[in-house]
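Residues per chain, in single letters:
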Amino acid sequence: MNTHLHISQADARPMYLQIMEQIRARIASGDWEAGRELPSIRALAAALEVSVITVKRAYLELEQEGVIVTRQGKGSFVADSGRGSAASELQYQKLDEHLRQAVALASQLGLGPEDLLARLGTLLHPVKRR
Amino acid sequence: MNPVTRTLIAKELYLHRWTMLGMAVAAALAAGLCAFGRLAFNVGAIAWITAVIAGGVMLAIYGVGQERRDNSLQFVLSLPISPRQYVLAKLAGLLLAYLLPWLVAAGSAALLVVLSTAIPDGMLAYVAVLSGFLLANFGVVLAGALLVRSEGAMTAVIIVTNMGVSIFMFVVGALPGIRDHLGDPAPVWNTTILAVLLAEALVLASALLLPLLSAARRRDFL
Amino acid sequence: MSTSKPIHMRGVCKSFRYFSLHDLDLDLEPGEVMGLVGPNGAGKSTTIRLAMGLLAADRGEVRVLGHPMPQDQAQAKRDIGYVSADMRLLPNASLGWHMRLVASLYPDWDEAYARTLLSHFNLHPGQSARSLSLGEQTKAALLLALARRPRLLILDEPTTGLDPVARHEVLSQLMEVMLDDRRAILFSSHNTADVERICDRITFIDRGRVVASDDTGRFLDSWRRIELELAPGSEPPTVPGLVAHTGDGSFHALTVRQFDESLLEQLGPDVRGVQRMSLEEIFVASVMQHRQERRP
């Protein structure tokens, strides 16, 4: 299986997160269809030239998010997820958790709801401009 | 014998092929030179002894010390051998590497004595003890190289053994059992000769045994 | 023998005139890559030579692939590939001669793989060992070790002295080794970026002692540099796992080794920023802390 994922050491984010993101992107775009088998942990580690433990962690977290499923002895596969399924449910929960933390931090800093939304806007803008 | 040890012995022979060839050719030519008159004989004899000694010293120094000096010792030690096997292979390999050209040297000297009408065949016995001495001498130098770690001590070993050659020729050459028969038309294998040969064999055997015993007790290789 | 740990060292001590290794514990599991990181003279090479049986420990236990070392080293070395950055091939012979030598001694020699390694590492069998540059010597030694497909690879600074392309080739081959989950690699390196990338576990050594040993991920997750802005003159609260604290005026930076989200809650709005630390920074901070602790 040809993998064109790429890990950058110049990127500030941990390697396992980079792997997770790229896998999620391929699944979301439809490149990797539901039920497709993922490369084995060791094969992907060798292809990306990263430690086995990094790939293991990425796969583990993706499984906890419900994005992939691992069948003992058989390998890992893209989960059958669509909108409103258990997989994306977990992700929405995670998003809400992050937003709750942001709200808590904002109140500690003394920011009101409009200020928080304004900050969110500034953070989103650079993404749009690209 | 362990295939690894066998391979290592073959490796010694391969690595020192030029020294071996050089020593054999130089000794043979020197022996040949001896056939051409008194002066040629003296020059040839000295050249012969020099070739046989030099070959031994080069084998001992380059064969043993060099691996440590140029860091290839680690490569050899990464092979599946124990320290004892390493020393055994070194000893056997270098001894064999010396023995082959030594046989050529001793053989050409013997041939010279037998074929040359100017040189009495009584010299054959002397050739035998002299060759035997040089072989035992090599054993001591080789043992020294394996046991000794500092360059200074190694140099001392070489100087002492070289002095031994001169001493041998004066002392042993002056022994009545030998001196009296140098001019004989046929070689005399009397008890003096045999005693000297036996002594040489004992020295050789103990010299080779010493590094093996020492290596068996040493625990650090590097 | 197939189920034994590749490397097991317990309470290993070794003394030299000016340096000692104390109470070293090291475990390497099958399927694992462990990085050994330490300053010069810390004891990395000594540890590696103890594992290879080239040195005998004064105290403690050393077992490699189930074999007690150094007694069983001849047996153990059948399955170990050893490369050291200061290792050289025998000068009077060619690389091809070395390949034939190694192939004759190890039944698992893979000639086809050796040929591909020749091209990856840009080496030719006809080259005499004497004519190889330092980097080429290391690549040649790696080729001789890798082509035997040994169960355990013990490497002492294998990428030191290699140009970036060669380093990449080497790391790529090392990761190929890890496709087999029964094989393992121990490698010491100064290059913390490489170690961070391909090692599953990392052991830090300094002045003859193990300073820290853990999963790479745990190191990278637990260490943080937290920037605080405090009222002038006030000190930051004590936090567990504090390694270092620097500050001038109102700006302070805490280096912590037991980071978790609750720490941020504890520190509250004073936090200006949280930075992850690279393995190199973690390593230097660990060693500095270790040296301070040991100061009498």
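Residues numbered from 1 in each chain as written. Chains lettered and ligands numbered in written order. Predicted model: local features only at pLDDT ≥ 70, side-chain atom pairs only at ≥ 80, totals over all residues.

### Re unusual backbone geometry
All names here are of chain C. The amide bond that connects methionine 69 to the next residue, proline 70, takes the cis arrangement and shows omega of 10 degrees. Tracing the backbone shows proline 70 in the loop between β5 (67-68) and α2 (73-76). Its identity as a non-glycine residue notwithstanding, leucine 65 has a phi of 50 degrees, on the positive side. One can find leucine 65 in the loop between β4 (59-64) and β5. In the Ramachandran plot, asparagine 122 falls in the positive-phi region, its phi being about 60 degrees despite a non-glycine side chain. Tracing the backbone shows asparagine 122 in the loop between α4 (111-120) and α5 (134-146). (Helix = DSSP H or I, 4+ residues; strand = E, 2+ residues; numbered from the N terminus.)

### Regarding the domain arrangement of chain C
Accessible area lost on assembly of the parts is the figure often given for the size of an interface. Domain boundaries in chain C define domain 1 (7-218) and domain 2 (224-276). One C-alpha centre belongs to domain 1 of chain C, the other to domain 2 of chain C, and the line joining them spans 40 Å. (Domains from an automatic or database assignment.)

### Quick notes on the arrangement of the chains
Counting contacts across all 2 pairs of chains that touch, the top-ranked interface belongs to chains B and C. When C-alpha atoms are compared, chain A and chain B, though not in contact, are closest at a spacing of 27 Å. (Contact = placed C-beta atoms within 7 Å.)

### Topic: the confidence of the model for chain B
Taken residue by residue, chain B gives an average pLDDT of 88. The fraction at 70 or more is 100%. Mean pLDDT in chain B bottoms out at helix α8 (residues 176-179) of chain B, which sits at 80, and peaks at helix α2 (residues 17-33) of chain B, which reaches 94. (pLDDT = per-residue confidence, 0-100.)

### Describing the interface of chain B and chain C
Facing 21 residues of chain B, the contacting portion of chain C comprises 23 residues. Taken together, the elements giving at least two residues each to the side of chain B that touches chain C come down to α1 (3-15) and α4 (73-77) of chain B. In terms of residue count, α1(B) provides more of the side of chain B that touches chain C than any other element does, 5 residues in total. In the side of chain B that touches chain C, the residues fall into 10 nonpolar, 7 polar and 4 charged. (Nonpolar A, V, L, I, M, F, W, Y, C, P; charged D, E, K, R; others polar.)

### Some thoughts on the packing of helix α6 (residues 123-147) of chain B against helix α7 (residues 151-174) of chain B
For any two helices packed against each other, one specifies the crossing angle of their axes together with the interaxial distance. Residue and element names in this part refer to chain B. Direction vectors running N to C along α6 and α7 enclose 165 degrees, while the axes themselves pass 10 Å from each other. In terms of orientation, α6 lies roughly antiparallel with respect to α7. In the packing of α6 onto α7, the handedness of the crossing is right-handed. Every residue of α7 that contacts α6 at Val129, Phe133, Asn137, Val140, Val141, Gly144 and Ala145 is listed here: Met154, Val157, Ile158, Thr161, Gly164, Val165, Phe168 and Val172. By residue class, the composition of the contact of α6 with α7 is 11 nonpolar, 4 polar and no charged. (Axes fitted to C-alpha atoms, helices over the stretch in contact; angles between N-to-C directions. Parallel < 35°, antiparallel > 145°, perpendicular 65-115°, else oblique. Left-handed = near helix turned anticlockwise from the far one by under 90°.)

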